[in-house]
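# What the coordinates show
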Amino acid sequence: MDSPEVPAGAPRAGPEPLSPDERELLAKLEEQNRLLEADSKSMRSVNGSRRNSGSSLVSSSSASSNLSHLEEDTWILWGRIVNEWDEWRKKKEKLLKELIRKGIPHHFRAIVWQLLCSAAELPLKAQYSELLRMSSPCERLIRRDIARTYPEHEFFRGQDSLGQEVLFNVMKAYSLVDREVGYCQGSAFIVGLLLMQMPEEEAFSVFVRLMQEYRLRELFKPSMAELGLCIYQFEFLLQEQLPELNVHFRSQSFLTSMYASSWFLTLFLTTFPLPVATRVFDIFMYEGLEIVFRVGMALLQFNQAELVQLDMEGMSQYFQKVIPHQFDSCPDKLILRACQVKYNPRKMKRLEKEYAALKSKEMEEQIEIKRLRSENRLLKQRIETLEKESAALADRLIQGQVTRAQEAEENDVIRRELALVRQRCSSATESLRRAQSTIRELQGNPRLSEEFVAHLETELERSRLRESETLGALKEMQDKVLDMEKRQPLLPDDSSVVRLQEELQELALRDIGDIGDTWQVSLSPQVCGGRWQEPRALHEAVLGVQLRESQAQAELRALRQRVLHLETQGRIQRSVLGRAEQACAGLREQLRAAAAQSQGLQAQLSESHRKHAEAQCKREEGRLQGQLEHTDTAQYIRHLQGHIRQLKAEIRLLRGPLSFGAVALGTPLGDEDSLGSSDEELPPPPFALTPGDIGDTGDTGDSSDSEPEGAPTAP
């Protein structure tokens, strides 16, 4: 990216004007180039001489006899340029540029290329032999691609040819020098062209300089960032200079990289034949990648009319078959057309900055895309987790629904139990109501209440007596059961019975054997005085055996009866034990029922005592309240009587002679009844009646009753 468009070299001075002799020599050189390009035989002879000699220079004395006068002038000119290279590079740059564009003579190419790129100053040249002795990780790839590099050229034809061997050496050495680039397809064609012109050490030095100073290293990096920049710049030139063709390419989706990538990677070495490609490479060694842009635009300008009429497939075939052979006979025409293409280095620098900005933006977008992808992956994982959680929640929901269904069933059971409890509650309420009525009856008749309490106490004592008896019976039954369990191991079990039967069978077999032995004895001759045993003894022996057999059978029947008896006793004892256990369980239930009944009776007794005490308290309270009401009534009556007596005294006073003029002094007043009926006309009493007055007047008694009813007359 940072390498200059023009390869590094000595500093250039301002070009001097050409002298007439130099102009004449330049014209002769152009004519000589045309003759050399037309003479293919001379080119083959030059290639053969290069392969056989392997040297970079051919002495002018060995070939001067075969050259014409013009060729001699060309040789003299390029010989003077090589010998005076620094002066020509500094002072005659324009002429040198024109001469290179006209073409470097074949025999001078090797030395001129090395001078143009300053390959002689490369320190790695001395290390080339050491690099060949090392192994490279790219050897396998290099071996694979060598056979596809110039397969039709004699120098590289054949698997074990010299060209393939030296090409492998140079590519391997560079892969060791620059491990970042290593080996890239396309670079082998450049090295192959160098090997056609110079030995492998010089070719290695020139290739290293090309990679370092001519932007080729950036082109061949694994990222190929420089190739993208070149394609971007070339598209700008195409859009600016050939807009119609650019629109046609875009309409056919014919990308620039489809036809121009090989131009930049191989410098047209895989596009043109070697004579034309070598002319382009001459200019590349002096001007750099600029010539690739110029030649590419010249090709498009020259073929624009044909390309706009083709589709994508047709254009691809046109670039592969037609364009490479258009300038085989006249490469100067292509070079002249390329030199006329407009190329602005400043615009290229600006496009390089724009491309760098676009790449940085794309890099940021790639980073953002990578971040978004990672976030997307995390979100997918989160979604999977949520789906699992959702499935778990669904399972829990289903389990919850099942649980709710079970709870609903349990609720139904609870409702039924609640209804039963309510029924019991209603029955208990009814019992309570009856108990309250009984309590009220008891409160109305205290004697009956005492009798009922005594009756309840008697029932409680009886219940306790029954409970003690039940506990005693239960204890006795448990003792019997323990005794039976202790005696149970003494009874013969099934194994004992089987053993007795086996003994009986052995006894029967032994008796049968004895009978057989006796029978044999009875049949065998007994030497006892020379006579046979008498039949009576034999009969007695048989009877004895039969007797023993009958006794054994009797014993067997007795044992069987005993076994049956023992089995029967065992069954009876087991049934008795079962009934005892059942009776024990029943007694336990009765005991629990008696305890519950006793608790109920105690609760009823305590409730009766409490209600009886409440009734007595209420009766005592009513009696005291009646006494208080009676006392208050008597006091109020006494108070009223005292007040009446006061009124009567006042009335008596009022029956005397009045001092009012409206009433005559000797006029008699009416009786008490007449005065009592006119209370409304009397003035209010001189004091108000208060509860305290009732107590005060209550002590007066009936002393006012002895007063005379008639009032004394006034004097």
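Residues numbered from 1 in each chain as written. Predicted model: local features only at pLDDT ≥ 70, side-chain atom pairs only at ≥ 80, totals over all residues. Heavy atoms only, no water.

## Observations concerning the overall build of the protein chain
Counting its regular elements, the protein chain contains 27 helices and 0 strands. Looking at the protein chain residue by residue over its 715 residues, the buried ones come to 32%. Across the protein chain, contacts joining residues at least 24 apart in sequence account for 78% of those joining residues at least 6 apart. Summing over all exposed atoms, the protein chain offers an accessible surface of approximately 45,000 Å²; the carbon and sulfur share of this is 55%. (Helix = DSSP H or I, 4+ residues; strand = E, 2+ residues; numbered from the N terminus. Buried < 20%, exposed > 50% of the residue type's maximum accessible area, 1.4 Å probe, protein only. Contact = heavy atoms within 4.5 Å. Areas by Shrake-Rupley, 256 points an atom, 1.4 Å probe, with all protein chains shown as cover.)

## Side note on the nonpolar core
In terms of nonpolar packing, the biggest core is built from 109 residues, with Leu-210, Phe-249, Tyr-259, Phe-281, Phe-284 and Leu-300 touching the most fellow members. Among all residues touching Phe-284, those that are not within four sequence positions of it are Leu-210, Tyr-214, Leu-216, Leu-267, Leu-289 and Ile-291. (Core = buried A, V, L, I, M, F, W, Y, C linked by side-chain atoms within 4.5 Å.)

## Regarding the packing of helix H11 (residues 187-197) against helix H12 (residues 200-213)
Where H11 contacts H12, the axes come no closer than 9 Å and their chain directions differ by 135°. Put simply, H11 runs oblique to H12. In the packing of H11 onto H12, the handedness of the crossing is right-handed. Counted together, Ser-187, Ile-190, Val-191, Leu-194 and Leu-195 of H11 and Glu-200, Ala-203, Val-206, Phe-207 and Leu-210 of H12 form the full contact between these two elements. Class assignment for the residues of the contact of H11 with H12 results in 8 nonpolar, 1 polar and 1 charged. (Axes fitted to C-alpha atoms, helices over the stretch in contact; angles between N-to-C directions. Parallel < 35°, antiparallel > 145°, perpendicular 65-115°, else oblique. Left-handed = near helix turned anticlockwise from the far one by under 90°. Nonpolar A, V, L, I, M, F, W, Y, C, P; charged D, E, K, R; others polar.)

## Let's talk about the environment of Phe-207
Of note, Phe-207 is situated in helix H12. Relative accessible area serves as the criterion here: at 0%, Phe-207 is assigned to the buried category. Linking Phe-207 and Cys-117, residues 90 residues apart in sequence, is a C-alpha distance of 9.4 Å. For Phe-207, the residues in contact, after removing those within four places along its chain, are Tyr-174, Ser-187, Ile-190, Val-191 and Leu-194.

## Remarks on a nonpolar patch on the surface
On the surface, a nonpolar cluster with roughly 280 Å² of combined accessible area is contributed by Leu-255, Met-258 and Met-312. For Met-312, the location among the structural elements is in helix H20 (residues 312-321). (Patch = residues over 30% accessible without salt bridge, like charges linked within 9 Å, V, L, I, M, F, W, Y side chains within 5 Å. Salt bridge = Lys/Arg side-chain N within 4 Å of Asp/Glu carboxyl O.)

## Concerning the packing of aromatic side chains
Two descriptors summarise a pair of aromatic rings, namely the distance from one centre to the other and the angle between the planes of the rings. Taken as a whole and judged by the stated rule, the model has 25 aromatic pairs. Taken together, a centroid distance of 6.0 Å and an interplanar angle of 80° make the contact between Phe-234 and Trp-263 edge-to-face. Of this pair, Phe-234 sits in helix H14 (residues 225-241) while Trp-263 sits in helix H16 (residues 257-266), placing them 29 residues apart in sequence. With respect to burial, Phe-234 and Trp-263 carry one shared label: buried. Consider the rings of Phe-281 and Phe-284, whose centres lie 5.7 Å apart with planes at 45°: the pair is tilted. (Phe/Tyr/Trp six-rings, centres within 6.5 Å; stacked < 30°, edge-to-face > 60°.)

## Description of the pattern of salt bridges
For the structure on display, the rule yields 27 salt bridges. Between Asp-145 and Arg-148 there is a salt bridge whose closest N-O contact spans 2.1 Å. Across the pair Glu-240 and Lys-347 runs a salt bridge whose closest N-O atoms are separated by 2.7 Å. In this pair, Glu-240 sits in helix H14 while Lys-347 sits in helix H22 (residues 345-444), placing the two residues 107 residues apart along the sequence. The exposure class of Glu-240 is partly exposed, given its relative accessible area of 39%.

## Regarding helix H6 (residues 93-102)
Along H6, the positions that sit buried rather than exposed are Glu-93, Leu-95, Leu-96, Leu-99, Ile-100 and Arg-101. Gly-103 sits one or two positions beyond H6 and adopts a positive phi of about 115°.

## Concerning the environment of Phe-156
Inspection of the secondary structure puts Phe-156 in the loop between helix H9 (139-146) and helix H10 (162-177). Since its relative accessible area comes to 1%, Phe-156 is described here as buried. Residues Phe-156 and Met-196, 40 residues apart in the sequence, show an inter-C-alpha distance of 9.7 Å. The contacts of Phe-156, once residues within four sequence positions are left out, are Thr-149, Tyr-150, Ser-161, Gly-163, Gln-164, Leu-167, Gly-192 and Met-196.

## A word on H12
Helical geometry note: an α-helix holds 3.6 residues per turn, so side chains three or four residues apart project in the same direction. For H12, with 14 residues, the first-to-last C-alpha span of 20 Å sits near the 20 Å given by 1.5 Å per residue. Extensive coverage of H12 is indicated by the burial of 11 of its 14 residues. Looking only at H12, the buried set comprises Glu-200, Glu-202, Ala-203, Phe-204, Ser-205, Val-206, Phe-207, Val-208, Arg-209, Leu-210 and Met-211. In the core, the buried residues of H12 are packed alongside helix H7 (106-117), helix H8 (128-132), H10, H11, helix H13 (216-220) and helix H17 (274-287). Positive backbone phi, at 70°, marks Arg-215, one or two positions downstream of H12. (Expected span 1.5 Å × (residues − 1).)

## A closer look at the packing of H7 against H17
To characterise two packed helices, one gives the angle between the axes of the helices and the distance between these axes. Axis separation between H7 and H17 bottoms out at 9 Å; the angle between their running directions is 30°. Judged on the interaxial angle alone, H17 and H7 are roughly parallel. For the pair H7 and H17, contact is made by Arg-109, Trp-113, Leu-116 and Cys-117 and by Thr-278, Arg-279, Phe-281, Asp-282, Met-285 and Tyr-286, respectively. When its residues are assigned to classes, the contact of H7 with H17 shows 6 nonpolar, 1 polar and 3 charged.

## A closer look at the confidence of the model for the protein chain
Of the residues in the protein chain, 69% reach a pLDDT of 70 or more, and the chain-wide mean stands at 75. Counting contacts from residues 1-16, a segment whose pLDDT is below 50, to residues more than four positions away or on other chains yields 40 contacts. Segment residues 521-535: pLDDT under 50, and 6 contacts once partners within four positions in sequence are set aside and those in other chains are kept. (pLDDT = per-residue confidence, 0-100.)

## Remarks on unusual backbone geometry
The phi dihedral of Arg-215 is positive, around 70°, even though this residue is not glycine. Positionally, Arg-215 belongs in the loop between H12 and H13. For Ser-253, which is not glycine, the phi dihedral falls at a positive 55°. Looking at the secondary structure, you find Ser-253 in the loop between helix H15 (243-251) and H16. For Ser-253, a relative accessible area of 47% puts it in the partly exposed group.

## Structural notes on the side chain of Asn-246
One can find Asn-246 in helix H15. Not counting residues up to four positions away in its chain, the partners in contact with Asn-246 are Leu-238 and Gln-239.

## Quick notes on the side chain of Arg-209
If you trace the backbone, Arg-209 turns up in helix H12. The exposure class of Arg-209 is buried, given its relative accessible area of 15%. In terms of polar contacts, Arg-209 uses its side chain to reach the backbone carbonyl oxygen of Ser-118, at 3.2 Å. The residues contacting Arg-209, other than those within four sequence positions of it, are Cys-117, Ser-118, Ala-119, Glu-121, Leu-122 and Tyr-214. (Polar contact = N/O pair within 3.5 Å; in protein donor to acceptor, adjacent residues only side chain to side chain.)

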